Amino acid sequence: MNAKFTPVAAAALTLAFASSASAETVLRASHQFPGGQGDVRDEMVQMMADEVEAADVDLKIQVYPGQSLFKAKEQWGALVRGRLDMTSLPLDYASGRHPEFSATLMPGLVRNHERAQRLNDSEFMGMIKEVINEAGARVLADAWLAGGFASDIRCITSPETVEGQTMRAAGPAFDEMLATAGASVTSMPSSEIYTAMQTGVLDGANTSSGSFVSYRIYEQVSCLTAPGENALWFMYEPILISEQSWEGLSEAQQQALTEAGEKAEAYFAEEAAALDQKMADVFEENGVEVVQMSPEDYQAWLDIAKESSYKNFAENVPNGQALIDAALAVE
């Protein structure tokens, strides 16, 4: 004989399901990059969401791409204040609050993907992560993206080629170098480059290989300077979690998130160099001239950077010279 399903039993069952559902922890992850369109930074965060769900530890990551939750430069402040749980962030965007972060977008400090991987386990990165931790966040996955220059005026190779151009630079170190070389500089997130070029606010820009493709910059330029063997532009764009959010997780949830971050980082390391070739291919397919800097061009830029960006960073940023020395010490 079947048990009678009374209203009281139904209510108890509903309450049990509600309690079970409410036990799941949901982390909100925000980033500025297009969602579901092949941007590797979005894919890293989505991969982490899939991994923690598969771990079955009552943890879910809700991803908000394309600045749908916070604007690009609002994410760091929201993260460290506990208003946002996770983000994939170009760290130099927070250099206004923590000038040490400009070291993660210092001209010529990285140069190639192999050296970027070695930097991840260096004293240099330990110093950067100490600032991140003290501010109220922690790194779940490291990511370095190469980048280049693009212009609708002329190809950017030697420093003289930026003279008279209005350029977007991603952070203070590149701002100073470009201005010293004779460019006018306008700062904005990479998500705003397309419109700024379309409306004539910019003549050219530098940004990551991923952003050049994701934001369809090839529709607005006539020449791309790809990273190649002499990549002047490298940017650190980690996946971060708020320390407040981290402390609210169980040990099992923290472990699942750590393992998901490791998988996302390994995935990115395999994809990073391919991003540069993908960018060059996409721009060529769209009729854009693609060039690279010669070793002489690279050195000329580096000489300017050392007399402008490096010098100012060493003199005015806490531990500035120590950070530069620690990075340069990595073979």
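Numbering of residues begins from 1 in every chain and follows the order in which that chain's sequence is written. For this predicted model, a pLDDT threshold of at least 70 governs which residues receive local features, and a threshold of 80 or more governs which side-chain atom pairs are given and counted, while totals over whole chains, interfaces and linings are taken from all residues. The basis for every side-chain value is the complete set of heavy atoms in the structure, and neither hydrogens nor water enter the calculation.

1. Focus on the packing of helix 6 (residues 172-180) against helix 11 (residues 295-307)
Consideration 1: Taken N-terminus to C-terminus, the directions of helix 6 and helix 11 make an angle of 110 degrees; their axes are 9 Å apart at the nearest point. Here helix 6 is positioned roughly perpendicular relative to helix 11, judged by the angle of their axes. Listed contacts from helix 11 to Met177, Leu178 and Thr180 of helix 6 are Trp301, Ile304 and Ala305.
Consideration 2: Partitioning the contact of helix 6 with helix 11 into residue classes produces 5 nonpolar, 1 polar and no charged. Note on geometry: axes are C-alpha line fits, over the in-contact stretch for helices, and angles between N-to-C directions span 0 to 180 degrees. Think of it this way: any DSSP run of H or I at least four residues long counts as a helix, any run of E at least two long counts as a strand, and we number them from the N terminus. The cut-offs work like this: below 35 degrees is roughly parallel, past 145 is roughly antiparallel, 65 to 115 is roughly perpendicular, and the gaps in between are oblique. Residue contacts are defined here by distance: any two heavy atoms, one from each residue, within 4.5 Å place the two residues in contact. The nonpolar class holds Ala, Val, Leu, Ile, Met, Phe, Trp, Tyr, Cys and Pro. Asp, Glu, Lys and Arg form the charged class, and all remaining residues, Gly among them, are polar.

2. Details of helix 11
Consideration 1: For a helix, the expected span equals 1.5 Å multiplied by the number of residues minus one. For helix 11, which comprises 13 residues, the first-to-last C-alpha distance of 19 Å matches the rise-based estimate of 18 Å (1.5 Å per residue) to within 8%.
Consideration 2: For helix 11, the set of buried residues is Asp297, Tyr298, Trp301, Leu302, Ile304 and Ala305. Seen end-on, helix 11 carries its buried residues on one side only, within an arc spanning 160 degrees. Exposed residues on helix 11 whose side chains face more than 90 degrees from its buried face are Glu296 and Glu307.
Consideration 3: For helix 11, the secondary structure elements touched by its buried residues are helix 6 and helix 12 (309-316). We call a residue buried when its accessible area falls under 20% of the maximum for its residue type, exposed when it is over 50%, and partly exposed in between, using a 1.4 Å probe and counting protein chains only. When we speak of the arc, we mean the arc of directions from the helix axis to the C-beta atoms.

3. Observations regarding the pairing of strand 5 (residues 144-151)
Consideration 1: Of all the 8 residues making up strand 5, 8 are buried; the element is thus mostly covered by neighbouring parts of the structure.
Consideration 2: Two elements, strand 5 and strand 10 (residues 233-236), share 4 bridges in a ladder whose sense is antiparallel. Looking across to strand 10, one finds that Ala146 is bridged to Phe234.
Consideration 3: Strands pair, by our definition, only if DSSP identifies at least two bridges between them. Where strand 5 and strand 9 (residues 223-226) come together, 3 bridges link them in antiparallel fashion. Within strand 9, the residue paired with Ala150 across the bridge is Leu224.

4. Describing the side chain of Asp142
Consideration 1: Looking at the secondary structure, you find Asp142 in the loop between strand 4 (137-141) and strand 5.
Consideration 2: With relative accessibility at 7%, the residue Asp142 sits in the buried group.
Consideration 3: Whenever a nitrogen or oxygen atom comes within 3.5 Å of another N or O atom, the pair is scored as a polar contact, on the condition that within protein one atom can donate a hydrogen and the other can accept it, and that pairs from neighbouring residues in sequence are kept only if both atoms are in side chains. Within polar-contact distance, the side chain of Asp142 engages the side chain of Tyr236 at 2.5 Å.
Consideration 4: If near-sequence neighbours (up to four positions away) are discounted, Asp142 is found in contact with Met44, Asn120, Lys129, Tyr236, Glu265 and Phe268.

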